[in-house]
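In case you want the letters, here they are:
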Amino acid sequence: MTTDEAVCRRQVSGDAFDACHVARLSFEPRYFAAVAIVLASTLAPPLASQLGAVIEAPAVVALQPRPFSYRLAGEFTRDGRPLSAPLRIAQLDRTLTIMIHQVTVADYERCVRDRGCLRIPHDSSDQPVVKVNWQDATAYAAWLSRQLGAAYRLPTDEEWAFAAGSRFSVDEFPDGAVDPGRRMLQLYEFEIDRGAPFDAAPRAIGGFGANENGIFDFAGNVWEWTDTCYVHHASRATGAETAIANCGVRVVEGRHRTYMSDFIRDPRTGGCAVGKPPLNLGFRLVRA
Amino acid sequence: MITEKSAFTENGSMSRRSVVLLGALLPTLCSSAAAMADELDLPRERIAPMAPPFVHPHEQSTSKGPKIVEFSLTVEEKRLTLDDQGTSIHAMTFNGSVPGPMMVVHEGDYVEVTLINPGTNSFAHNVDFHAATGALGGGALTLVNPGEQTVLRFKATRTGVFIYHCAPGGDMIPWHVVSGMSGVVMVLPRKGLTDRNGNPLHYDRVYYVGENDFYVPRDEKGKFKSYASAADGYADTMEVMRKLVPTHVVFNGRVGALTGKNALTARVGETVLIVHSEANRDSRPHMIGGHGDYVWETGKFSNPPETDLETWFIRGGSAGAALYTFRQPGIYAYLTHNLIEAVELGATAQFKVEGPWNDDLMTQVEPPEAIGTQVRAVPRTTAQYDH
Ligand SMILES: [Cu+2]
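Analysis parameters
Residues numbered from 1 in each chain as written. Chains lettered and ligands numbered in written order. Predicted model: local features only at pLDDT ≥ 70, side-chain atom pairs only at ≥ 80, totals over all residues. Heavy atoms only, no water. Helix = DSSP H or I, 4+ residues; strand = E, 2+ residues; numbered from the N terminus. Buried < 20%, exposed > 50% of the residue type's maximum accessible area, 1.4 Å probe, protein only. Contact = heavy atoms within 4.5 Å. Salt bridge = Lys/Arg side-chain N within 4 Å of Asp/Glu carboxyl O. Donors = N, O, S within 2.8 Å, 3.2 Å for Na, K, Ca; no water. Tetrahedral: all angles 85-135°; square planar, octahedral: opposite > 155°, others 65-115°. pLDDT = per-residue confidence, 0-100. Core = buried A, V, L, I, M, F, W, Y, C linked by side-chain atoms within 4.5 Å. Expected span 1.5 Å × (residues − 1). Bend = angle between axes of the 7 residues up to and from the residue. Pairing = 2+ DSSP bridges. Axes fitted to C-alpha atoms, helices over the stretch in contact; angles between N-to-C directions. Disulfide = S-S within 2.5 Å.

A. Here's a closer look at the overall build of chain A. Tallying secondary structure elements over chain A gives seven helices and 12 strands in all. Looking at chain A as a whole, 51% of its 288 residues are labelled buried. Excluding contacts between residues fewer than 6 apart, the proportion of contacts in chain A whose partners are at least 24 apart in sequence is 68%.

B. Geometry of the pattern of salt bridges. Per the counting criterion, the structure on display carries 26 salt bridges over all chains. Ionic pairing is found between glutamate 253 of chain A and arginine 257 of chain A, a salt bridge with its closest N-O pair at 3.0 Å. Within this structure, Arg44, Arg46, Glu70, Glu112 and Arg153 of chain B form a network of salt bridges that share partners.

C. Quick look at the coordination of the copper ion. Residues and elements named next belong to chain B. Taken together, the protein donors to the copper ion comprise His125 (ND1), Cys166 (SG), His176 (ND1) and Met181 (SD), at separations of 2.0 to 2.6 Å. In this structure, the copper ion is surrounded by four donor atoms whose angles at the metal cover 85 to 133°, and the resulting shape is tetrahedral. All donor residues of the copper ion come from one chain, and their arrangement in sequence is H-x40-C-x9-H-x4-M. Of this pair, histidine 125 sits in the loop between strand S5 (110–117) and strand S6 (128–129) while methionine 181 sits in the loop between helix H4 (172–177) and strand S9 (182–188), and the two are 56 residues apart along the sequence. By relative accessible area, histidine 125 is classed as buried at 0%. Its relative accessible area of 0% is what places methionine 181 among the buried residues.

D. Up close: the confidence of the model for chain B. All names here are of chain B. Summarising the model, chain B shows a mean pLDDT of 89, and 88% of its residues fall at 70 or more. Throughout residues 1–37 the model reports pLDDT below 50, and contacts reaching past four residues in sequence, or to other chains, amount to 43 contacts. Here the predicted complex scores 0.78 on pTM and 0.70 on ipTM.

E. Spotlight on the nonpolar core. In this structure, Phe71, Phe94, Met103, Phe129, Tyr164 and Trp175 of chain B are the most contacted members of the largest nonpolar core, which totals 36 residues. When residues of this core are assigned to their parent elements, the largest contribution, five residues, is made by helix H5 (residues 230–242) of chain B. Beyond its immediate stretch of four places on either side in the chain, tryptophan 175 of chain B contacts Met92, Phe123, Ala230, Ala231, Tyr234, Thr237 and Met241 of chain B. One finds Tyr108, Trp143, Trp225 and Met260 of chain A within the second-largest nonpolar core, a separate group that totals 29 residues.

F. Expanded view of H5 of chain B. Residues and elements named next belong to chain B. If you check H5, its first and last C-alpha atoms are 17 Å apart, about what 13 residues at 1.5 Å a residue would give, namely 18 Å. Helix geometry: H5 is bent most strongly at aspartate 236, by close to 35°. Of the positions making up H5, those classed as buried are Ala230, Gly233, Tyr234, Thr237, Met238, Val240 and Met241. Immediately beyond the C-terminal end of H5, within one or two residues, lies leucine 244, with a positive phi of roughly 65°.

G. Fine view of the sheet that holds strand S21 (residues 348–354) of chain B. Within the open sheet, the four strands sit side by side as S14-S21-S20-S16 (chain B). Their pairing is mixed. Each end of this open sheet is capped by a strand with a single partner; those strands are strand S14 (264–267) and strand S16 (285–288) of chain B. Averaged over all pairs of adjacent strands, the angle between their axes in this sheet comes to 25°, without regard to strand direction. Sheet analysis places S16 of chain B next to strand S20 (residues 330–336) of chain B, joined by four bridges and oriented antiparallel. What sits directly across from isoleucine 288 of chain B, in S20 of chain B, is alanine 333 of chain B. Running at roughly 125° to S21 of chain B, helix H7 (residues 180–193) of chain A makes contact with S20 and S21 of chain B of the sheet.

H. Geometry of the state of the cysteines. Residue and element names in this part refer to chain A. Summed over all chains, the structure comprises two disulfides over all chains. With a sulfur-sulfur separation of 2.1 Å, cysteine 229 is cross-linked through a disulfide to cysteine 247. Disulfide cysteine 229 to cysteine 247: torsion about the S-S bond roughly 105°, handedness right-handed. Highlighted residues: cysteine 229 in strand S8 (residues 223–235) and cysteine 247 in strand S9 (residues 241–253), separated in sequence by 18 residues.

I. A look at the pairing of strand S3 (residues 88–94) of chain B. Residues and elements named next belong to chain B. For S3, the tally of buried residues reaches six of seven residues, placing the bulk of the element in the interior. Inspection of the sheet shows strand S2 (residues 68–81) paired to S3 by seven bridges, in the antiparallel sense. Its bridge partner lying in S3, glutamate 77 is registered against methionine 92. Between S2 and S3, which follow one another and run antiparallel, lie six residues, and glycine 86 among them has a positive phi close to 85°.

J. Looking closely at the sheet that holds S6 of chain B. All names here are of chain B. Taking strand neighbours across the sheet as the criterion, the four strands line up as S4-S9-S8-S6 in an open arrangement whose pairing is mixed. Edge positions in the sheet fall to strand S4 (102–106) and S6, since each has one partner strand and no second. Bridge count for strand S8 (residues 160–165) against S9 is six bridges, and the pairing is antiparallel. If you follow phenylalanine 162 over to S9, its bridge partner there is valine 185.

Right, here's the structure in full:
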């Protein structure tokens, strides 16, 4: 995590957002020329010989920008009443080069052995690494970037949605009733109905199959961290509008979108929190 | 205790032998119990108890005379899943549910319970009724081996909600209780519930929330262990129990038993009686967004109920009762206000309450938004949008 990122995480005011924004711009190196969908191993062969380490570049696909349907991330309210997030046609501003698999236990363990990542107890090495928080994921990205001499990072929410394609859920809680009690009940029913039909035990990599972009395990039982901050967009009937970001909370994507504090490793909640939490937290990276 | 140990060490072969030996005696025992009951010459009523959180239909007050109310409790030893991660134990239950069913009678009635321990079970069980007087609450008269049954009758002389639980002796007592063997008897005053001035109190619904603490052993990696049989897990479980730190504190046998699709329901204006039991450990019920209008914290109806409580205390080994009229719709969390136990260990229920919102009781004057003048922050993005 860069210093700028740290600053951005600590603050929740609108000004802090610019800090996030600046941090991101300085972090992103130039992008690679647009290529049709190609396996990245052909683009970036193993660098073991150069680095003296047995680290292979992760398998990726390169996706060319084209318009896609995207539900904006964050919470939207009008006069305090929840609105469904606006649905937009979006287009990425560059080619997206993204890992076709989630980062595995074996991948993560290499980073741990190299003292780039915190040790977290795990089971099977061919499974996606889970019980990782946003900080673990960014530490892994920084380590992998150093190893391979290329910039890897978590995808933004737009990038995740574009890559997930048909597995990106645009379902959103419909505009709530005015009556606060009615609204609570609606949200409760909505959350109950969208519980995942899987059990929580992670499957071996590829266990949930590939989507139309040849990318595996989107929207299975492992949700993925994104780099996008939580934002509350508040509007008033008067036309006044505010957007307040809290970068201590990141967008997590999977069967449904959710928001998690960046230090959470186990998304399980009981208690008064309403709604189904993600079953597991893992991640995949994009190459800038 | 002795029976328990033999069932234990010989993997149930002893129990099966006792079944054969005692089988011939059972009809005699049953008929003698029936004969004694007949001597009372009171009307009888047979009740089919319901699995918690529901309670069998009953009168809240009665003008009729005392009767003999018959219940039957069948001990079911079964695997019970405690959470969404699939952690499970070999539970011991009354009628298959954790907690066991609530049994409702009126003061002066006789409670007549047939306790059945099917031959397929591995352990001896009994039942100690906190509402009963003498013989260890009936525990001393009801120890049944697998394949046996017994009938106990006691007079309901005191009003209130009272725990019943298995207590077969020694280490078996806490082990059977934290394996699920407890429930509640509710003895209502014949004239029904009253406030401190003697004015009648009624409820439209009654729910039974039974809180349980579970102690599941973990392996070296910290994962919950499961065992081939209850006996196999006994030593490890006892070790966790003796440290007094439960791995699960839950309502009605598992995390989420009373949330989501299983949430309790009510309507604005309805009055709900919530009976809360914990056979082994203290608890602190609290209704988030609501109150206890009338609370019998110690659960005994001859004492005046306290009013307007925020949180009440359930002493381990007792049950309490709280009466609340919902005034606002929405979702309420009913939990133990040790919030670590409620949120992390599972002791949370939810009420779904339908009805019109009351703006006078609560209104959102200013929704959450930026402090001071309007701030417009543009979320960082890697995409362009068609608006
Ligand atoms: Cu028992």
